[in-house]
Amino acid sequence: MKSAAVPTVFIIDDDRSMRQAIQDLVESVGLRAEAFATGRAFISRQHTGDPSCLVLDVRLPQMSGLDLQRQLAEAGIQIPIIFITAHGDVPMSVRALKSGAVEFLTKPFRTRIC
Amino acid sequence: MAMVPEMIHPDDREHVFRAAEESVRSGVHSEAEHRVVRPDGEVCTVHGLGTVKRDASGRAYEMFGTVQDITERKRAEEERQLLSRDLQESKAWLEEAQRVTHVGCWVWDLETNRLIVSDEYCRILGLTPKKGPIDLAIVREIIHPEDREYVFRTGKAIRSGERADCEHRIVRPNGEMRIVHSLGDLKKDSSGRPYQMFGTTQDITDRKREEEALRRSQFYLSEGQRLAHMGCWAAKDLGIRWTDDLGIYWSDEVYKLFGLDPRNGPPNLEQYLAAVHPDDRASMEDTLRMMHERRCGCDVTKRVVRPDEEVRYVRCVGVPVFEDGVFKAFHGTTIDVTEQELLTQELRREQAYLAEAQRLTHTGSWAPNFVTGQNFHLSDETVRMHGFDLSEEAIPFERFFNTVHTEDQPAVRAALENPTRTGTNYDIEYRICRADDGEIWSFRSLGHHHPSGEMADYVGTTMDITEQKHAEQQRERLRQLEADLAHINRVNIMGELAAALAHEIKQPIAASITSANALSRWLAHDPPDLERARAAATRIGQDGNRAADVINRLRSFYKKGTPPQRESIKVKDIIREMSVLLGDEALRHSVTIRSELDEDVPGILADRVQLQQVFMNLMLNAIEAMKDTGGEMTIRSGLNQEGQLLISISDTGVGLPAASSERIFDAFHTTEPQGTGMGLAITRSIVESYGGRVWAKPNERAGAVFYLTIPIEAEAHA
């Protein structure tokens, strides 16, 4: 992946509403955003620049957020990952943070992102 | 000379003297008839003639006369007058006799061919009586044209010496037709030559009509007897010695009934009793003996065995006939009642069957008039069911009504009032308090207005539905229990799915909050980006609705005690809803949900919550089977060969327990430590309540397939 002029936030969530809402919120603060329904869709996307951030839902069909995190690490792709989940699963968040995640947010978000 | 006046009969003296004085005075001859009494006392009649002699001055100085004894002549004269009077009287009597008997007489002078007739003869022929002979041609004309030849032939026969005797019709000049009977005889002179025919003609029209009426009446009677299979008989006495001749009269029909030949005459007592069926013989013998001894009537039905061994039922009704208190004879009728008797026996059998059927089914029949309170018919079972004694007679309707439970009486009265007024049918249920033991029974009463009866005439049945009511109450309790269990099952499901359902609710809420943040941001731009803000607001609304939908679906799951409400439902919609609700739960266990739903499957009338519960149970069951391994759940819907709705839910999980695939639907059967064992049992109960079926089979490769069918009769026409 190559660096882009404007940082791009990638969002992966299988819930269409949530995906659109996060994308809108990111764009409202002047950042670029790209949203995907699954991890596979994100991987198959030809990225032109370095991703600045990945907002990743933990529970996804076919490939979970943690699996994607592991695959990116194995591929040597360094990208800050913010996990989001509606389940608030503490062991899972610990596992994600240990694997390099920068943040673990529980839906609905209680704090302002920006 | 003094003796002469003395000899004149005292009663005639004045008359004689006056005649003499008149002759002297007028100078005219005197003439007088008078009686004289001779000295020997004999009375004779004389005719005296006298002439007065006068002198020149006209003075009468002598009377000269003659006296003639006319006693004999007078006697002859009187006898002749007497004879003539007698003749006149005889003629008048004859005329009167002819008039009364409608018999006229006639004399036919064969030489002049003229007819001398009596007045009555004229009247019979419709002619005006007149003196003198009438023309034979007139009479010939009056004879009925069809009878003329016959009458003339008879006339010729008379000439040959036969006596005329014929009946024929005449047509009076006024067109009236009469029937006459003529008798004629020939008179001959000393040389044997016929010179006159004398005869009578009698108007026998009335007699003939009466005879005809009698004949007709006899014919009708005979025909009536034949058609009614009824004969009549009469007997002077019945006798008590079996060989006695009964001396009876039997009409033809009686012979027919007994199969006997009338030419052999009526049977004697022994023969009669031999014709009676052996089983009835003794009682018939007793009846005859009693009639004989007490001179009483009878009304018995017995069997007779005809010579050809055919058995007939015969009803014999007899009455004694008395004249001036003296017994004269027995008169009676004998009727073949075989058909009626067989019908009656059949009817009795049918009634017995009906009564038994009523007793077995606790169904009574009745026919009252609700206004008059009269009961035209009451079956034994009706009486028994109400707790009355069968030996009671004519139990009035009011007593039956009084057995109705006091709490139900106003409703029953109201329910009967309208049909009674309008002549319509009714169907009511009520309780009664039995008349004998006060036990409470439940009845259902169906009444049909008697179509040919009065306004308030009804026929109907009353059924004892006490057991049915108890069963209904029991069923209702079971239904309630099932509903409670189903509710517990739903609440349990909600408990199990709490985390997954919370996710389903939290997801749109989180999206809404995020969109709200974005909305604030877009508004804070300078200038505010209203288009993006509006888009965010729209999403907030959509997500709010989505959350509300989830909550609404779940809320019905928590509801308790609501009876099933059937509505038109597309099963594919329910499956999709459940797939969404269970989506997170499936995801949690790495289960993917795949559906192959036939879009053309018609809707069914069903309760939404019940169907949701069915699919929730089966889908959760599939997820549960794959919770450790993950896998795929496939839901298919379509129609089977019978046209029923067929749905299958297959999984790739652990499969069915060996040798107990049927037991998995039993209540409290579970393989899970935390399971209640109610999910599949409730599922089966719900599906079967729609006339459907649910069963499970092993999946081809791994796991299990659960099938359910719901008859398409439940199809919604919406």
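Each remark here, short or long, concerns the structure printed above.
Owing to the predicted nature of the structure, the values given are computational and were not obtained by experimental measurement.

Visitor: Please clarify how the overall build of chain B should be interpreted in this entry.
Guide: What chain B contains, in helices and strands, is 21 helices and 26 strands. Taking all 718 residues of chain B together, 39% fall into the buried category. Of the contacts formed within chain B by residues at least 6 apart in sequence, a portion of 53% connects residues at least 24 apart. Per element, the accessible surface of chain B, about 41400 Å² overall, is 52% carbon and sulfur.

Visitor: Help me understand the interface of chain A and chain B in this model?
Guide: How big an interface is tends to be stated in terms of accessible area lost as the parts join. Facing 23 residues of chain A, the contacting portion of chain B comprises 22 residues. Carbon and sulfur atoms make up 55% of the area that chain A and chain B hide from each other, which totals about 2000 Å². Considering only the side of chain A, the residues that lose the most area to chain B are A:Asp24, A:Ser28 and A:Arg59, jointly responsible for 25% of the buried surface there. Taken together, the links from chain A to chain B amount to five salt bridges. Across the pair A:Arg59 and B:Asp584 runs a salt bridge, and its minimum N-O distance is 3.2 Å.

Visitor: Please explain helix H2 (residues 10-26) of chain B as it appears in this structure.
Guide: In an α-helix, one turn spans 3.6 residues; hence positions three or four apart end up facing the same way. Residues and elements named next belong to chain B. Given a rise of 1.5 Å per residue, 17 residues ought to cover 24 Å, and the 25 Å separating the end C-alpha atoms of H2 matches this to within 8%. Of all the residues in H2, the buried ones are Asp12, Val16, Ala19 and Ser23. The buried residues of H2 occupy an angular sector of 65 degrees when projected down its axis, which confines them to one face. The outward face of H2, more than 90 degrees from its buried face, is lined by the exposed residues Glu14, Glu21 and Arg25.

Visitor: Would you mind going over the pairing of strand E2 (residues 43-54) of chain B with me for this structure?
Guide: Side-chain positions along a regular strand alternate between the two faces of the sheet. All names here are of chain B. Where strand E1 (residues 30-37) lies against E2, eight bridges are found, and the strand directions are antiparallel. Among the inter-strand pairings, valine 37 is bridged to a residue of E2, identified as valine 43. Here E1 hands over to E2 after five residues, with glycine 41 in that stretch at a positive phi of 90 degrees. Note that E2 and strand E3 (residues 60-69) share nine bridges and pair antiparallel. Paired with glycine 48 across the bridge in E3 is valine 67.

Visitor: Please clarify how the nonpolar core should be interpreted in this entry.
Guide: Looking at soluble globular proteins, one finds that nonpolar side chains tend to be buried together. All names here are of chain B. Ranked by size, the top nonpolar core spans 50 residues in total, and within it Phe615, Met616, Met633, Ile647 and Ile649 carry the most contacts. Those residues within four positions of isoleucine 647 in sequence are excluded, and the remaining contacts are Val571, Ile575, Phe615, Ile635, Arg636, Ser637, Phe706, Tyr707 and Leu708. Formed by 23 residues, the second largest nonpolar core is a distinct cluster that contains Trp233, Ala235, Leu273 and Met284.

Visitor: What exactly am I supposed to notice about the packing of aromatic side chains here?
Guide: Centre-to-centre distance and the angle between the planes together describe a pair of aromatic rings. Counting across every chain of the model gives 20 aromatic pairs over all chains. Here A:Phe10 and A:Phe42 contribute two aromatic rings whose centre-to-centre distance is 5.5 Å and whose plane-to-plane angle is 65 degrees, an arrangement assigned as edge-to-face. Residue A:Phe10 is located in strand E1 (residues 8-12), and its partner A:Phe42 is located in helix H2 (residues 39-44); the two are separated by 32 residues in the primary sequence. Assigned by exposure class, A:Phe10 and A:Phe42 land together as buried. Members of the aromatic cluster, each reached through a chain of ring pairs, are B:Trp366, B:Phe370, B:Phe397, B:Tyr426 and B:Tyr458. The positively charged end of B:Arg295 is found above the aromatic ring belonging to B:Phe327, 4.1 Å away from the centroid. One cation-aromatic arrangement involves B:Arg434 over B:Trp441; the distance from NZ or CZ to the ring centre is 4.3 Å.

Visitor: Can you help me understand the pattern of salt bridges in this one?
Guide: Between side chains of opposite charge, a pair can form as their charged atoms come close. Residue and element names in this part refer to chain B. With the rule as written, the count across this model stands at 73 salt bridges over all chains. Between aspartate 261 and arginine 263 there is a salt bridge, with its nearest N and O atoms 2.8 Å apart. For aspartate 261, a relative accessible area of 26% corresponds to the partly exposed category. Taking the relative accessible area as the measure of exposure, arginine 263 reaches 74% and is therefore exposed. The closest approach of N and O atoms between glutamate 632 and arginine 594, which form a salt bridge, is 3.3 Å. Residue glutamate 632 is located in strand E23 (residues 631-639), and its partner arginine 594 is located in strand E21 (residues 591-597); the two are separated by 38 residues in the primary sequence. Through salt bridges with shared partners, a single network forms among Arg172, Glu176, Arg178, Asp203 and Asp206.

Visitor: I would appreciate a short explanation of the sheet that holds strand E19 (residues 458-464) of chain B in the present structure.
Guide: Two strands in a sheet stick together by hydrogen bonds in their backbones, pointing the same way (parallel) or opposite ways (antiparallel). Residue and element names in this part refer to chain B. Read from one edge of the open sheet, five strands run E16-E15-E19-E18-E17, paired in antiparallel fashion. This sheet does not close on itself; its edge strands, each paired only once, are strand E16 (375-378) and strand E17 (426-433). The mean angle between the axes of side-by-side strands here comes to 25 degrees, regardless of whether they run parallel or antiparallel. The pairing of strand E15 (residues 363-368) with E16 spans three bridges and is antiparallel. Counted as the bridge partner of proline 368 is asparagine 375 from E16. Contacts between helix H15 (residues 466-496) and the sheet are confined to E17, strand E18 (440-449) and E19, with E18 contributing the most and set at about 115 degrees to the helix.

Visitor: It is not clear to me how the pairing of E15(B) should be interpreted in this structure. Could you clarify?
Guide: Residue and element names in this part refer to chain B. For E15, the buried fraction is high: six of the six residues fall into the buried class. Across four bridges, the pairing between E15 and E19 is antiparallel. Paired with serine 365 across the bridge in E19 is threonine 461. The antiparallel hairpin formed by E15 and E16 contains six residues in its connecting segment, where glycine 373 sits at a positive phi of about 80 degrees.

The rules behind the values
Residues numbered from 1 in each chain as written. Chains lettered and ligands numbered in written order. Predicted model: local features only at pLDDT ≥ 70, side-chain atom pairs only at ≥ 80, totals over all residues. Heavy atoms only, no water. Helix = DSSP H or I, 4+ residues; strand = E, 2+ residues; numbered from the N terminus. Buried < 20%, exposed > 50% of the residue type's maximum accessible area, 1.4 Å probe, protein only. Contact = heavy atoms within 4.5 Å. Areas by Shrake-Rupley, 256 points an atom, 1.4 Å probe, with all protein chains shown as cover. Buried area = accessible area lost by both parts, 1.4 Å probe. Salt bridge = Lys/Arg side-chain N within 4 Å of Asp/Glu carboxyl O. Expected span 1.5 Å × (residues − 1). Arc of directions from axis to C-beta. Pairing = 2+ DSSP bridges. Core = buried A, V, L, I, M, F, W, Y, C linked by side-chain atoms within 4.5 Å. Phe/Tyr/Trp six-rings, centres within 6.5 Å; stacked < 30°, edge-to-face > 60°. Lys NZ or Arg CZ within 6 Å of the ring centre and 35° of its normal. Axes fitted to C-alpha atoms, helices over the stretch in contact; angles between N-to-C directions.

All we've got here are geometric facts, nothing functional implied.
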